[in-house]
Structure formats: structure tokens, C-alpha cells
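Listed here are the chains, written in short residue letters.
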Amino acid sequence: MYKIGLVGGTGYTGAELMRLLVNHPQVKLHAITSRTEQGIAVADMFPSLRGFVDLCFTNPSIDTLAECDLVFFATPNGVAMKLVPELLKEGIKIVDLAADFRLHDPDVWEQWYGCAHTCPEVLQQAVYGLPEVNRELIKKAQLVANPGCYPTAVQLGFLPLIEQGLADISYLIADAKSGVSGAGRGVKVGSLLCEASENMAAYGVTGHRHLPEISQGLQQMAKGQPVGLTFVPHLTPMIRGIHATLYTRVMNKQTDLQALFEQRFADEPFVDVLPQGEHPHTRTVKGTNTCRMAVHRPQNGEIVVVLSAIDNLVKGAAGQAIQNMNIMLGIEEAQSLLVPGLMP
Ligand SMILES: NC(=O)C1=CN([C@@H]2O[C@H](COP(=O)(O)OP(=O)(O)OC[C@H]3O[C@@H](n4cnc5c(N)ncnc54)[C@H](OP(=O)(O)O)[C@@H]3O)[C@@H](O)[C@H]2O)C=CC1
Ligand SMILES: CC(=O)N[C@@H](CCC(=O)OP(=O)(O)O)C(=O)O
């Protein structure tokens, strides 16, 4: 059994990691940290985990984390970078759910996250954890940067078109909607029931911090050519889920896009391409690690529309982190992750 550490066990992604890990046959939770709740039983804070987790929260200490084979960071941006260099020296594998190691360029990090990167030398060894693109690198990685929730939905949707040179990469539009759990468990006015329900609004139109992350990934798919991306996130009155509507111009109108998408993801355990003409619903991926998508070309015109739906806490965070863990530890990639969505 591999020993697993979790830094940041009181947030939504931490709780989701525990929910998905408790029935994993090859790993065991060893340390779950919280600075504010240390000494409190995990199952007292999350009664849904009663009978599954018998640990108490502990303070994040290198000594305890160094006893683990792999450590997840489910902490706010900027926390993991303070502990990761020491853990790497101890030979521990790491999956960071925050953005600390997602951007290759420390100057871009500083520009978007407002503080200097404290270990820029480590960025070179971090692998961006989108298995559908980087599986072979993840197998050998000691440090994986788990993608953000919007970046997962958007990159997977554009992937087949950009890889095949079929998208006008100067004209990429991602209109994305997220459930409120995407904002985390911390207290915020915008997450209150009275503010978030029966309401919908865009935010971050002039520049959301996922823009450089998505652009970096799309540029890699385009073999280094610069991409022109417009990304507009919205907050919607649901708890879980991201729905991204993606637009671009198709470069060859003769291509069978349905066949292209089906073939590209045929061997991917967590991407489901719907039959022609269908529309993915966020509800069908709730609680699952699946990205469900559909490709359309309205009126057989030059604009292609891809619809991509994920659960932000699973394929957009904890589930993808476990998928990466499985790959890094040489465990069957889908172990403990193949479940149907919750209905209704
Ligand atoms: N919510 C989502 O849908 C997604 C979130 N993410 C990312 O995952 C990360 C976690 O998100 P989420 O679960 O929503 O976050 P929360 O804000 O809900 O939880 C943060 C956790 O981190 C701990 N923490 C905070 N500061 C520190 C610190 N300085 N040192 C150690 N631990 C700390 C907190 O516990 P305590 O303060 O008690 O120590 C808490 O357990 C974030 O980076 C987020 O951006 C990524 C994809 C999707
Ligand atoms: C609805 C909502 O607020 N969503 C978050 C994104 C959550 C996420 O994935 O963020 P990280 O890159 O920090 O991991 C936001 O827009 O900031």
C-alpha cells in the first residue's frame, strides 16, 4: 500500500480527494493536514467520511509528509511552492492541485498571481498533468501540476482540432460556466446562497488567471505557434460542474469532425464523445472523472462549436489528481475512478 499525504484537507478538493481515495485498494491515507483544525477528527468535520477515514487533521510538517510516498497539495495558490522543494529532496512524489507549477515561465506566474515564484528552478521538472496530452511524461514525473478546472474543459475540447491543424488558432473562443464550488470552501460574499442562486454573471472578462494556462497548453498542441484565445468565465447557480462552449473557424470543411473526435479519444478512459447532434449536460458528469463532449458545425458553416462538460471538483481537480497519481505510481490509470454520474 502506498502512503498518501494530503495538505489542505478541509477544502472542497481535499474532501473530494478523500471521498475518492478511501476505496482505492492500493493506497492508504497517512496524513491529512489543516492548520486551523489540527487534532479534530476528519470524520467530525466531514460526517460523509464517517467509517471511512479515522485520522485527525495534523499540522503540515515536513517530517510527517516525508513518511508518505506521494503528497497531494489541495491548498491555495502559492502554498505548495514553499514546501515542495524540500519534499522533492526527500524523494516524495507530488501532485499539486493549485497553480504553483502550471506555468512554465516564472515571470508569467508573477504577472498573473501577483507575487514572485519562490522556486522557479523547480518549474522545469514539473509536468502539466493533463493525461490525454502528457501521459508518457507523467509516468516519469516526480512533480505533477494538476490543471485548473476551466483549463481542463477548454483544452480537452480544442485538442483534436488544434492537434490536426484544423482550427484557426488566431480565433479561439471559450465561453465557460462554472458551479459555485469552483470558488472553494472559504467564506466569500459571492458564494452566498442569496448572491449565487437565481443569478448568472460573467467575471474576469478582461483577464482571468486561467487565460495564460489555457493559452500555454493550446500553444503546445499547436506545436509552439502562438494562439489567439478569448476566455470568458461565468458563475452559474449550481454547486458542481463546468460547461464550456468553444468556438473556432474550421480550416477544412470536408473533415468529418465527429469521426475525428471519436478517434482521438477512443482509448481515453475519461473522455466521452457523444453521438452527432447531442449536447452534454453537466448533471451527467456530476461526481465522475469524465469529460463529456460533443462537436457541432451549425448550418455546415465555417464555425465549429465544441461543447465540453466536466465536474470541476473531479476531472477539474481531485479526480484528475488521482488519475495522475495512478499513472505516477504505475497503478491502473482508472483505478477507483470509473463511476457513473449522479442522477438527478
Ligand atoms: N474548487 C475547485 O473546483 C478547484 C480548485 N482548485 C485548486 O485547488 C486548491 C484547493 O482548492 P479548494 O479545495 O477549493 O480550496 P479551499 O480554499 O476550499 O481549501 C484550502 C485548504 O488549504 C489549507 N491551507 C490554506 N492555507 C494554507 C497554508 N498556508 N498552508 C497549508 N495549508 C493551507 C486550508 O486549511 P487550513 O487553513 O486549516 O490549513 C484548506 O484545507 C486551490 O489552489 C484551488 O485553486 C483547482 C481546480 C478546481
Ligand atoms: C467559480 C470560481 O470562482 N472558479 C475559480 C476557478 C477554480 C480553479 O480551478 O482555480 P485554480 O486555478 O486556482 O486551481 C475562479 O474563477 O477563480
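Being a predicted model, the structure only gives us computed values, none of them experimental. (Residues numbered from 1 in each chain as written. Chains lettered and ligands numbered in written order. Predicted model: local features only at pLDDT ≥ 70, side-chain atom pairs only at ≥ 80, totals over all residues.)

Enquirer: It is not clear to me how the site of ligand 1 should be interpreted in this structure. Could you clarify?
Expert: By nearness alone, 31 residues border ligand 1, and Gly8, Gly11, Ala98, Gly184 and Arg185 come closest of all. Of all elements in the fold, only helix H1 (12-21) and helix H12 (314-329) reach the threshold of two or more residues within the shell around ligand 1. No other element matches the 3 residues that H1 contributes to the shell around ligand 1. Within the shell around ligand 1, the residues separate by chemical class into 11 nonpolar, 17 polar and 3 charged. Mapping the shell around ligand 1 onto the domain boundaries places at least three of its residues in each of domain 1 (2-124) and domain 2 (150-311). (Near = placed C-beta within 6 Å. Helix = DSSP H or I, 4+ residues; strand = E, 2+ residues; numbered from the N terminus. Nonpolar A, V, L, I, M, F, W, Y, C, P; charged D, E, K, R; others polar. Domains from an automatic or database assignment.)

Enquirer: Is there a simple way to think about unusual backbone geometry in this case?
Expert: Phi is mostly negative for residues that are not glycine, and the peptide bonds are mostly trans. In this model, Met343 is joined to Pro344 through a cis peptide bond whose omega is -5°. Phi is positive for Glu198, close to 45°, though the residue is something other than glycine. Among the residues examined, Glu198 registers 8 C-beta atoms within 10 Å and is labelled exposed. A positive phi angle is found at Ser336, which is not glycine, with a value near 70°. Tracing the chain through its elements places Ser336 in the segment after H12. Residue classification places Ser336 among the buried positions, given that 21 C-beta atoms sit within 10 Å. (Buried ≥ 20, exposed ≤ 12 C-beta atoms within 10 Å, placed from the backbone.)

Enquirer: Please clarify how the site of ligand 2 should be interpreted in this entry.
Expert: Every residue close to ligand 2 is listed here: Asn77, Ala98, Ala99, Gly148, Cys149, Ser178, Gly182, Ala183, His210, Pro233 and Leu235. Residue composition of the shell around ligand 2, by class: 6 nonpolar, 5 polar and no charged. Two domains each put at least three residues into the shell around ligand 2: domain 1 (2-124) and domain 2 (150-311).

Enquirer: Sorry if this is basic, but what is going on with the nonpolar core here?
Expert: Nonpolar side chains tend to gather and get buried jointly when the protein is soluble and globular. Counting 94 residues, the largest nonpolar core has Val71, Phe72 and Phe158 as its most contacted members. Per-element tally for this core: the top contributor is helix H8 (residues 149-163), with 9 residues. Every residue in contact with Val71, bar those within four places of it in the chain, is listed here: Gly5, Val7, Leu65, Leu87, Ile92 and Ile94. (Core = buried A, V, L, I, M, F, W, Y, C linked by C-beta atoms within 7 Å. Contact = placed C-beta atoms within 7 Å.)

Enquirer: Would you take a moment to explain the packing of H8 against H12 for this structure?
Expert: Working note: a packed helix pair is described by the angle between its axes plus the distance between those axes. Close contact between H8 and H12 brings their axes to 8 Å; oriented N to C, the two are set at 100°. Judged on the interaxial angle alone, H12 and H8 are roughly perpendicular. Of the residues in H12, those in contact with Cys149, Thr152 and Ala153 of H8 are Lys315, Gly316, Ala317 and Gln320. Residue composition of the contact of H8 with H12, grouped by class: 3 nonpolar, 3 polar and 1 charged. (Axes fitted to C-alpha atoms, helices over the stretch in contact; angles between N-to-C directions. Parallel < 35°, antiparallel > 145°, perpendicular 65-115°, else oblique.)

Enquirer: How should the UniProt feature "active site" (unreviewed entry) in the protein chain be read in this particular structure?
Expert: Within the UniProt annotation, "active site" (unreviewed entry) is assigned to Cys149. Examined against the element boundaries, Cys149 turns out to sit in helix H8. By C-beta crowding, Cys149 is classed as buried, having 29 other C-beta atoms within 10 Å. Not counting chain neighbours up to four residues away, the residues in contact with Cys149 comprise Ser178, Gly182, Ile242, Asn312, Gly316 and Ala317. (UniProt positions renumbered as here; feature names shortened; annotations may be inferred.)

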